Amino acid sequence: MKHHQHLLFVSIALLSLAALGYEILLMRLFSIIQWHHFAYMIISLALLGYGASGAVITIFQKQLKSHFAVSYTAGIALFGISAIGSFLLVQQLPFNAEEVLWDWRQPGWLLLMYLLLAIPFVFAAGAIALALSHYSDIIGKIYAYDLIGAGLGGVCIILLLFVFMPFEVLAWIGLFALLATLLAAMALHSTAAWRVTLLSIPPAIAMIWLALHSTAVISPYKELSQTLRIPGTEIVARRSSPLGLLDIVESRQTPFRHAPGLSLKADGEPPPQVGIFTDGGNMSVITRDGGNAEAFAYLDQITSALPYHLRKLQQVLILGAGGGADVQQARYHQIPQITAVELNPQIVKLLRGDYAKFSGHLYQQSDVDVHINEARGFISDSSQQYDLIQVALMDAFGASTAGLYALNESYLYTLEAFKTYLQHLQPSGYLSVSRWIKLPPRDTLKLMATAISVLKESGVDHPAQQLVLIRGWQTSTLLVKNGAFTSSEIDTVKAFCKTLGFDVAWYPGMQATEANRFNQLRQPWFYRSAVALLGDETQQFMDDYKFDLRPSTDDRPYFFHFFKWIILPEILSLQGKGGMPLLEQGYLISVSTLLQALFASLLLIILPLLFLNRGGLRTQQTIRRSSVLIYFFAIGLAFLFIEIAFIQKMSLLLHHPLYSAATVMTGFLIFAGLGSLYSQRLVEQDHAHQGVVIAVGGIAVLSIAYLLFFKSLPDTLLSLPLAVKMLFVIIMIAPLAFMMGMPFPLALSHLGQHAQQLIPWAWGINGCASVISAILATLLAIHGGFSMVVTLAVLLYLLAALSFPLATSGKNR
Amino acid sequence: MMHYFISLLILIAASSFALAEAPDAYFDARQRMVSEIVDDVVETASQLGRERLNPRVLDAMKSVKRHEFVPPENRKRAYKNRPLPIGHGQTISQPYMVAIMTDLLDLDPGDKVLEVGAGSGYQAAILAELVDRVYSIEIIAPLGKEAAQRLKRLNYDNVDVRIGDGYYGWKEQAPFDAIIVTAAGSHIPPPLIKQLKPGGRMVVPVGSRFMTQELLLVEKNDAGDITTRQLLPVIFVPLTGSH
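Residues numbered from 1 in each chain as written. Chains lettered and ligands numbered in written order. Predicted model: local features only at pLDDT ≥ 70, side-chain atom pairs only at ≥ 80, totals over all residues. Heavy atoms only, no water.

1. Observations concerning the overall build of chain B
Counting its regular elements, chain B contains 6 helices and 9 strands. Counting only carbon and sulfur atoms, one obtains 56% of the accessible surface of chain B, whose full area is about 10400 Å². (Helix = DSSP H or I, 4+ residues; strand = E, 2+ residues; numbered from the N terminus. Areas by Shrake-Rupley, 256 points an atom, 1.4 Å probe, with all protein chains shown as cover.)

The following block contains the structure:
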């Protein structure tokens, strides 16, 4: 066996690569066929397959271990087959996310989805757990390859998604699993393993073929499905990237007429447009520019046009340029210097390539300077000052109003972001932020609260003098001026609103009688709230308001989180009476995912204990099970707490959530892998416990040090080139991850020496804790910020060090 | 042969009996649905700015056979106070919303109403109970055809259904006393506002297919000026008691 060991290690690494890749891919696939928030719920719970694998192996330990070669090889092969099969099956289920609150059958379909998708994870994790348990003398090495493989899996899938369509990547997962199966058979040198491998080849190839020949079954209620029902509408091109699947849609018969927030007094309609759908929703458009500037007059009839009327502007910065509507709006007003920032390179490529002519070469005009960058990153790096910084309306209306973004971090609307924007304004320059109108008001008021807070912090005595808020029935625009609004500007604001039928909700000196004229609400909520936020009892008002209006911060970047527990009973009592839209779904979905995960974990952890207490499995134990439970649960929670906090913290530095996730995840897994490899040496010297104590000490010191460092990332660091910053992040992560890679294999090896039969149970506990950790980290960060998450992780590591499952000479407990 | 003939006769008799009995089978369910709506609306009255729904609207809700407008597999649930899928990615709205939206239009028997988005035809049928003429446009051809046939079969002769793009309204029949747009697009089409008579009203539900967030009521006064009212179809005040 010894000389084939390296093949076994590679098979483990490849399996982990495929399993982690599958997890990321599922997130992509579900975001396309369903919605992002349900993707999150389904995948989190399917990952409990890791926990379940531990339970299954504990229960069938004897049988599986005596046929290790067969069970290990079959585990890998079945992972590959079921990874494709389960997904293809799941997307045929009649699950309708929109009906979950109406139809009792829907939660049933949801449950079936978790169960089906958990199957591949049970097989993959089961194979690894069997290997750990079978080769209990080299646990450090096996776990190292598991982690390193997973680390490479993240990068590998992200790269594949740039080149291939999601279903093709699904086929790649099948292929990786098949390769891992072959390597396992070669490593194990067993006829039975070869038999399993040969048997698995035809179904594996059949599945790969199926994946290549399948198409996504997109929910009929998604925007793209709805659009495609309109006669003459078709998808003309499709682009894949890890950021999302772009569908470019043309409608020859019934034009797109995307003009959100258009005044009811407008008389024109937009020129022909091409629709760009991201993951089957979130539509944006590219509008045809045939050279007639007047065709864009409609862009002057929306709330975000206000700043252009206040005075002649020279330099305008547009954050979130997308298909170019805001850029066209600026060009309509003949702004000489327009800087546009867009995150998604594929959209910019469309406007510079296939749709360059259609868009009148918008992104190649001499007055337009386009940057592919994340908005915050761009502005932090920029030394320029602008007359106007426009934060575009980027998210889709539907998802925004249903509260589905509650769990999405956004660094665009935090206190720190506003501070940065204001620092980049010319004297008398404007920051303009438009949002969808939600009733009762939420985001608009949170924006206002954020602006007030930043102005106060920067020493402005009368923030009220520097704010203007207007609204139509659909959108609101908040202006923050670098200086007080003049009376002539205020006259222009009033005239602009009167002409277009918009309402003023705040301007310095506004009277109550001026509110709520054109778009009448039952009460003048926006005006009254603005007055309350600007008054002396801001805190009292925010406490009394039924939605969370506290400004978000970089540490707690959940701008879209509005939910307060206090209103839950009231809303539930209004079910069926029009009350359900008031539920901020994103947050509740997360809570419900957590509860389900806790319940399932409890079962998966307790169930095997019943079997451990029976028969032969009991005899050799010399280790306290409660210690095993606390130890492996604590390190499972803590590892991901730190990893997730790092991904969030680093996305500000790396300017892009994707770069951040890829760099941090890969860095953590690979260096943790190396830590695990090193731990093997400690085990051989019988220093497992000491190793854990030292590692935990190191983790605590480094985590706290980094936490303090994050508080004030130096600007010089922010403006370094991306590659240098990525390297910096990896160097920072390396020692921390190295130590975080040690506690798991050290304790598992210790179990291997003293109570081998507990290995799969411990593996399962750790798996369950990891799933819970990922969900809990976000919920905790919503309330207490990521600093709290990291602090908790350190405490959990300390708890683990204290409860290390030491072998005792006494009888088993 | 005779045997076969008699069986056939019995079958025909049975089915015609069933046909005759069908409306009654759902009669009670329909009354229950309406009384449920009445109860719910009482609570929402302050939001809507009216004490109760117009009895004519409630009568219409009582008489239109909603089960005829849903696919067979959903018939059992036809009188539940909830939206239901009708295929083609579309839904039949929650009866509570239908009642409120119809009521907001303040219809008189002589009115001419335009509906943009016929869907199953249920809303058009309700309107047809209340006014002289209803014009309904549906962009999804199969849905529009089904709705037209269904309305004809149910003897709603005062409804005209046209397959097409609702953005430009129905120029030949304009202006309208009331317009109902069953799904909000990115904006209210300016042609529809033009086709609204002075003193006319337009209602647009805003939100997703299964959840109406708010109702937008567009009013054109006698001078032709436009104002909107944004109504939450639910009793909910954003501040806790102390304010």
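Here the narrative resumes.
2. Here's the deal with the pairing of strand S11 (residues 475-481) of chain A
Residue and element names in this part refer to chain A. Burial runs high along S11: 7 of the 7 residues are buried. The two faces of S11 match: Thr 475, Thr 477, Leu 479 and Lys 481 on one face and Ser 476, Leu 478 and Val 480 on the other face are all buried. When strand S9 (residues 425-436) meets S11, the two strands line up antiparallel, connected through 7 bridges. Its bridge partner being in S11, Val 433 is matched across the sheet by Leu 478. Looking at chain direction, strand S10 (residues 467-471) and S11 are connected through 5 bridges and run antiparallel. When the sheet's bridge partners are listed, Ile 470 is paired in S11 with Thr 477. In this structure, the hairpin formed by S10 and S11 is closed by a connection of 3 residues. (Buried < 20%, exposed > 50% of the residue type's maximum accessible area, 1.4 Å probe, protein only. Pairing = 2+ DSSP bridges.)

3. Considering the packing of helix H3 (residues 49-59) of chain A against helix H29 (residues 759-802) of chain A
Residues and elements named next belong to chain A. With their axes 7 Å apart at the nearest point, H3 and H29 run at an angle of 165 degrees to one another. Looking at the two axes, H3 sits roughly antiparallel to H29. Of the two possible hands of crossing, H3 and H29 adopt the one that is left-handed. On H29, the residues that touch Tyr 50, Gly 51, Ser 53, Gly 54, Ile 57 and Thr 58 of H3 are Pro 760, Trp 761, Trp 763, Gly 764, Gly 767 and Cys 768. (Axes fitted to C-alpha atoms, helices over the stretch in contact; angles between N-to-C directions. Parallel < 35°, antiparallel > 145°, perpendicular 65-115°, else oblique. Left-handed = near helix turned anticlockwise from the far one by under 90°. Contact = heavy atoms within 4.5 Å.)

4. Concerning the packing of aromatic side chains
All names here are of chain A. Scanning the model with the defined rule gives 42 aromatic pairs over all chains in all. When the centroid spacing of 6.0 Å and the interplanar angle of 90 degrees are considered together, the rings of Tyr 413 and Phe 560 count as edge-to-face. Pair noted here: Tyr 413 is in the loop between helix H15 (397-401) and helix H16 (415-423) and Phe 560 is in the loop between helix H20 (538-544) and helix H21 (568-573), with a separation of 147 residues, a long-range link. A residue is classified by how much of its surface remains accessible, and Phe 560, at 8% relative accessible area, is buried. (Phe/Tyr/Trp six-rings, centres within 6.5 Å; stacked < 30°, edge-to-face > 60°.)

5. Some remarks on the nonpolar core
Ranked by size, the top nonpolar core spans 282 residues in total, and within it Phe30(A), Phe632(A) and Phe646(A) carry the most contacts. Per-element accounting of this core gives the leading share, 22 residues, to H29(A). Once residues lying within four places of it in the same chain are set aside, the contact partners of Phe646(A) are Ser660(A), Val664(A), Phe668(A), Tyr706(A), Phe710(A), Met732(A), Ile733(A) and Leu736(A). In terms of nonpolar packing, the next biggest core, distinct from the first, is built from 50 residues, Val41(B), Val70(B), Leu105(B) and Tyr156(B) among them. (Core = buried A, V, L, I, M, F, W, Y, C linked by side-chain atoms within 4.5 Å.)

6. Brief notes about the sheet that holds strand S5 (residues 315-319) of chain A
All names here are of chain A. Spatially, S7-S6-S5-S8-S9-S11-S10-S12 is the arrangement adopted by the 8 strands of the open sheet, whose pairing is mixed. The open sheet has two edge strands with one neighbour each: strand S7 (368-372) and strand S12 (503-506). Sheet twist, expressed as the average angle between the axes of neighbouring strands with direction ignored, equals 20 degrees. Sitting on the sheet, helix H13 (residues 345-352) is in contact with strand S6 (337-342) and S7, with an inclination near 145 degrees to S7. In the packing of helix H18 (residues 487-500) onto the sheet, the strands contacted are S9, S10, S11 and S12, and the crossing angle to S10 comes to about 5 degrees.

7. Looking at the interface of chain A and chain B
Each partner contributes to the interface: chain A provides 61 residues, whereas chain B provides 56 residues. Across the chain A/chain B interface, buried area totals approximately 5100 Å², and carbon plus sulfur atoms make up 59% of it. In this structure, the salt-bridge partner of Asp165(B) is Arg257(A), at a minimum N-O distance of 2.5 Å. Between chain A and chain B we count 15 residue pairs in polar contact (both at pLDDT 80 or more) in total. Of all the secondary structure elements, the ones that give two or more residues to the side of chain A that touches chain B are H15, strand S13 (519-520), H20 and H21 of chain A. No other element matches the 3 residues that H20(A) contributes to the side of chain A that touches chain B. When grouped by side-chain class, the residues that make up the side of chain A that touches chain B number 30 nonpolar, 16 polar and 15 charged. Pairing of S13(A) with strand S9 (residues 226-231) of chain B, which is carried by 2 bridges, proceeds in the parallel orientation. Residue pairing for S9(B): Asn519(A) is matched across the bridge by Thr228(B). (Buried area = accessible area lost by both parts, 1.4 Å probe. Salt bridge = Lys/Arg side-chain N within 4 Å of Asp/Glu carboxyl O. Polar contact = N/O pair within 3.5 Å; in protein donor to acceptor, adjacent residues only side chain to side chain. Nonpolar A, V, L, I, M, F, W, Y, C, P; charged D, E, K, R; others polar.)

8. A closer look at a nonpolar patch on the surface
All names here are of chain A. On the surface, a nonpolar cluster with roughly 310 Å² of combined accessible area is contributed by Met 788, Leu 792, Leu 795 and Leu 798. Its location among the elements puts Leu 798 in helix H29. Among the residues examined, Leu 798 registers a relative accessible area of 37% and is labelled partly exposed. (Patch = residues over 30% accessible without salt bridge, like charges linked within 9 Å, V, L, I, M, F, W, Y side chains within 5 Å.)

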